[in-house]
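# Observations on the three-dimensional arrangement
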Amino acid sequence: MKIALIGAGRLATNLGRALFEAGHDVVQVYSRTLKSASELALTIDAEPIDKLESVTDEAQIYIISVKDDVIADVATRLCIGREKAIFIHTAGSISIDIFNNKAQHYGVLYPMQTFSKDKRVNFSEIPCFVEADNEETLEVVKALSASVSQRVYTLDSASRRHLHLAAVFACNFVNHCYAISEQLLLNNGIPFNVMYPLIDETASKVHLMSPKQAQTGPALRYDKSVIESQAKMLDTNPLFRQIYETMSASINRLNNNDQ
């Protein structure tokens, strides 16, 4: 299938490479900056463009992988005159209904993973959640997804929003805690790499038991003296202290079935 990839960010870069390696013909890569489009296009033998007006009419599938708040505008501009094509967005928290009254055939392909441009991932292991406007389109979106991933699931927009929220907690918030940890360590001349074994063990444990069962630390047992002492150490950064106290309270309440 001929595919036009609208976007050249972290997700688009990884998805574009996976599609290319699966044998799909990614004919164009669009980005607001020609540099970004060119960097990705060069690796997948595509044409780089930086104007939506230059998007080809020949693609069978248009994958829109841009910032959530511009998906509607991009779809409005692209769908006109391309009634036979299938339009797909890749956002976790945006409803499929964003294509209503814009495209004739449309769907969602949400790969649930954290992406970086310079860190290759094994796309075949990434769970991809799909949805479409009808069964015929859904079969195409599922087949496209199955060509790059071994884990394809059909999920409606409402459920996908909850999935994305859960992913924010499991990935983005956890990584922010790493960043706070790194800053606290560097402020005291300690390298962050001393945390690697702890991080790896914590992550590996939840493959064997539930996160609730894997929880440890002073907040779990509500060791008040330790919690108060550590909170006081964060007096110079009130936001970090607030995060510490809120997280400690949440850990204790969740593990004591209070929420």
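Keep in mind the model is a prediction, meaning the values are calculated, not measured.

## Quick word on the pattern of salt bridges
Tallied over the entire structure, the rule returns twelve salt bridges. Here Asp235 and Lys232 are joined by a salt bridge, their closest N and O atoms 3.7 Å apart. Residue classification places Asp235 among the partly exposed positions, given a relative accessible area of 40%. For Lys232, a relative accessible area of 56% translates into the label exposed. Sharing partners across several salt bridges, the network here consists of Lys232, Asp235, Arg241 and Glu245.

## Comments concerning the side chain of Ser181
Structurally, Ser181 is set in helix α5 (residues 157-186). Setting aside chain neighbours within four positions, we find Ser181 in contact with Phe192 and Met195.

## Focus on the sheet that holds strand β8 (residues 151-154)
In space, the eight strands of this open sheet follow the order β3-β2-β1-β4-β5-β6-β7-β8, with mixed pairing throughout. Taken across any chain shown, the strands that pair with only one partner, and hence form the sheet edges, are β3 (47-49) and β8. Shown here is a sheet whose adjacent strand axes are inclined to one another by a mean of 25 degrees, direction ignored. Sheet analysis places strand β4 (residues 61-64) next to strand β5 (residues 86-89), joined by four bridges and oriented parallel.

## Focus on the environment of Val140
Topologically, Val140 is positioned in helix α4 (residues 135-146). Given a relative accessible area of 22%, Val140 falls into the partly exposed group. Sequence-wise, Val140 and Gly107 are 33 residues apart; in three dimensions their C-alpha atoms are separated by 9.4 Å. Discounting residues that sit within four places of it in the chain, Val140 has contacts with Met1, Ile61 and Ile86.

## Section: the nonpolar core
Among the nonpolar cores identified, the biggest contains 30 residues, and Leu19, Val29, Ile63, Phe123 and Leu144 are the most heavily contacted of them. In terms of residue count, helix α1 (residues 10-21) provides more of this core than any other element does, five residues in total. Among all residues touching Val29, those that are not within four sequence positions of it are Leu5, Gly7, Ala8, Ala37, Leu40, Ala41, Ile44, Ala46, Glu47, Pro48 and Ile49. Counting residues in each nonpolar core, the second largest holds 28 residues, with Leu52, Ile94, Ile96 and Val108 among its members.

## Side note on the packing of aromatic side chains
Enumeration according to the criterion identifies seven aromatic pairs in this entry. A centroid spacing of 5.0 Å and a plane angle of 15 degrees characterise the contact between Tyr62 and Phe87, whose relative ring orientation is stacked. Here Phe87 lies in strand β5 and Tyr62 lies in strand β4, a separation of 25 residues in the sequence. Assessed through its relative accessible area of 0%, Tyr62 is described here as buried.

Cut-offs used in this document
- Residues numbered from 1 in each chain as written.
- Predicted model: local features only at pLDDT ≥ 70, side-chain atom pairs only at ≥ 80, totals over all residues.
- Heavy atoms only, no water.
- Salt bridge = Lys/Arg side-chain N within 4 Å of Asp/Glu carboxyl O.
- Buried < 20%, exposed > 50% of the residue type's maximum accessible area, 1.4 Å probe, protein only.
- Helix = DSSP H or I, 4+ residues; strand = E, 2+ residues; numbered from the N terminus.
- Contact = heavy atoms within 4.5 Å.
- Pairing = 2+ DSSP bridges.
- Axes fitted to C-alpha atoms, helices over the stretch in contact; angles between N-to-C directions.
- Core = buried A, V, L, I, M, F, W, Y, C linked by side-chain atoms within 4.5 Å.
- Phe/Tyr/Trp six-rings, centres within 6.5 Å; stacked < 30°, edge-to-face > 60°.

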